[in-house]
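Analysis of the macromolecular model
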Amino acid sequence: VQLQASGGGLVQPGGSLRLSCAASGRTFSPYGMGWFRQAPGKEREFVARISWSGGSTFYADSVKGRFTISRDNAKNTMYLQMNSLKPEDTAVYYCAAKRGPSSSRPYEYDFWGQGTQVTVSS
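Here is a short report on the structure shown in this document. Residue numbers run consecutively from 1 along every chain, following the written order of its sequence. Per-residue local features of the predicted model are confined to residues with pLDDT of at least 70, and side-chain atom pairs are confined, for both listing and counting, to 80 or more; whole-chain, interface and lining totals are unaffected and use all residues. Hydrogens are left out, water is left out, and the side-chain values use all remaining heavy atoms of the structure.

Quick notes on the overall build of the protein chain
A run of DSSP states H or I qualifies as a helix once it reaches four residues; a run of E qualifies as a strand once it reaches two. Both are numbered from the N-terminal end. Each helix and strand counted, the protein chain has zero helices and 11 strands in total. Helices and strands in the protein chain line up, N terminus first, as β-β-β-β-β-β-β-β-β-β-β. The globule rule is 2.2 Å times the number of residues to the power 0.38, and the radius of gyration it is compared with is taken over C-alpha atoms. Taking 122 residues into account, the globule formula puts the C-alpha radius of gyration at 14 Å, and the protein chain, at 13 Å, falls close to it. For the protein chain, the spread of C-alpha atoms along the three principal axes comes to 40 × 30 × 25 Å. Residue pairs in contact within the protein chain that sit at least 24 positions apart in sequence constitute 57% of those at least 6 positions apart. Calculation of accessible area relied on Shrake-Rupley with a 1.4 Å probe; when residues are assessed, cover is drawn exclusively from the protein chains displayed. If you sum the accessible surface of the protein chain, you get close to 6100 Å²; carbon and sulfur atoms cover 48% of it. Residues counted as positive are Lys and Arg, residues counted as negative are Asp and Glu, and His and the chain ends are not counted. Lysine's charge is taken at NZ, arginine's at CZ, aspartate's at CG and glutamate's at CD. Averaged over its 14 positive side-chain charges, the protein chain has a centre that lies 5 Å from the centre of its 8 negative ones. Any pair of residues with heavy atoms lying within 4.5 Å of one another is described as a contacting pair.

Structure follows, in structure tokens:
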């Protein structure tokens, strides 16, 4: 599976962005998916994850209520809608896929996208 993340950019505090993660290669549907982020000088951290059906989602406390993860298996694409963005959300955002259930642990993921930069600044 190859993953391509897109949709990052520069946004003011309080603004919104929608990230996309397009998958190609082997079938998309059986994989749990997740979004992670990494700020300069910090470790990669979990943001949100979604089951292969899309029926189960889980969020980091720092983004709960502001971010929404979703997926469209017919389009082989996962999304992350980010609202009420804060400067501390600034990071490179990565999408990832793993066989079986989704996970909050980055080391459990089999495939990674290249990352897309999100900068929240006035």
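A closer look at the pattern of salt bridges
Between Lys or Arg on one side and Asp or Glu on the other, a salt bridge is scored when a side-chain nitrogen of the former is within 4 Å of a carboxyl oxygen of the latter. One pass over the full model with this rule turns up six salt bridges. With a shortest N-O distance of 2.9 Å, Arg37 and Asp89 are connected by a salt bridge. Separated by 52 residues along the polypeptide, Arg37 in strand 4 (residues 31-38) and Asp89 in the loop between strand 8 (77-82) and strand 9 (91-99) bring together distant segments of the chain. Across the pair, exposure class does not vary: Arg37 and Asp89 are buried alike. Between Glu108 and Arg105 there is a salt bridge; the shortest N-O distance is 3.5 Å. Each of the salt bridges in this network shares a partner with another, and the network as a whole consists of Arg37, Glu45, Arg66 and Asp89. Here the term buried applies to any residue with accessible area under 20% of the maximum for its type, exposed to any over 50%, and partly exposed to those in between, with areas from a 1.4 Å probe on protein chains only.

Quick notes on the sheet that holds strand 7 (residues 67-72)
Strands were regarded as paired on the criterion that DSSP finds at least two bridges between them. Ordered by their spatial adjacency, four strands build an open sheet running 1-3-8-7, and the pairing between neighbours is antiparallel. The sheet is open, and its two edges are formed by strand 1 (2-6) and strand 7, each paired on a single side. Each adjacent strand pair in this sheet contributes to an overall mean axis angle of 15°, direction not counted. Relative to strand 8, strand 3 (residues 17-24) runs antiparallel, the two being bridged by six bridges. Structural elements are reduced to axes, namely lines fitted to C-alpha atoms, with helices fitted over the stretch in contact, and the angle between N-to-C directions of any two is expressed from 0 to 180 degrees.

Re the state of the cysteines
Disulfides are defined as cysteine sulfur pairs within 2.5 Å. By the definition in use, this model includes one disulfide. One disulfide in the model links Cys21 with Cys95; its S-S distance is 2.2 Å. The S-S bond linking Cys21 to Cys95 shows a torsion near 70°; that makes this disulfide right-handed. Separated by 74 residues along the polypeptide, Cys21 in strand 3 and Cys95 in strand 9 bring together distant segments of the chain. There is no split in this pair, since Cys21 and Cys95 are both buried.

Here we look at the nonpolar core
Only buried residues count toward a nonpolar core. Its members are Ala, Val, Leu, Ile, Met, Phe, Trp, Tyr and Cys residues joined through side-chain atoms within 4.5 Å. Ranked by size, the top nonpolar core spans 35 residues in total, and within it Leu3, Trp35, Leu80, Met82 and Tyr93 carry the most contacts. Within the residue set of this core, elements represented by two or more residues are strand 1, strand 3, strand 4, strand 5 (45-50), strand 7, strand 8, strand 9 and strand 11 (116-120). Once residues within four sequence positions are removed from consideration, Leu3 is found in contact with Cys21, Ala22, Ala23, Met33, Cys95, Ala96, Ala97, Phe111, Trp112, Gly113 and Gln114.

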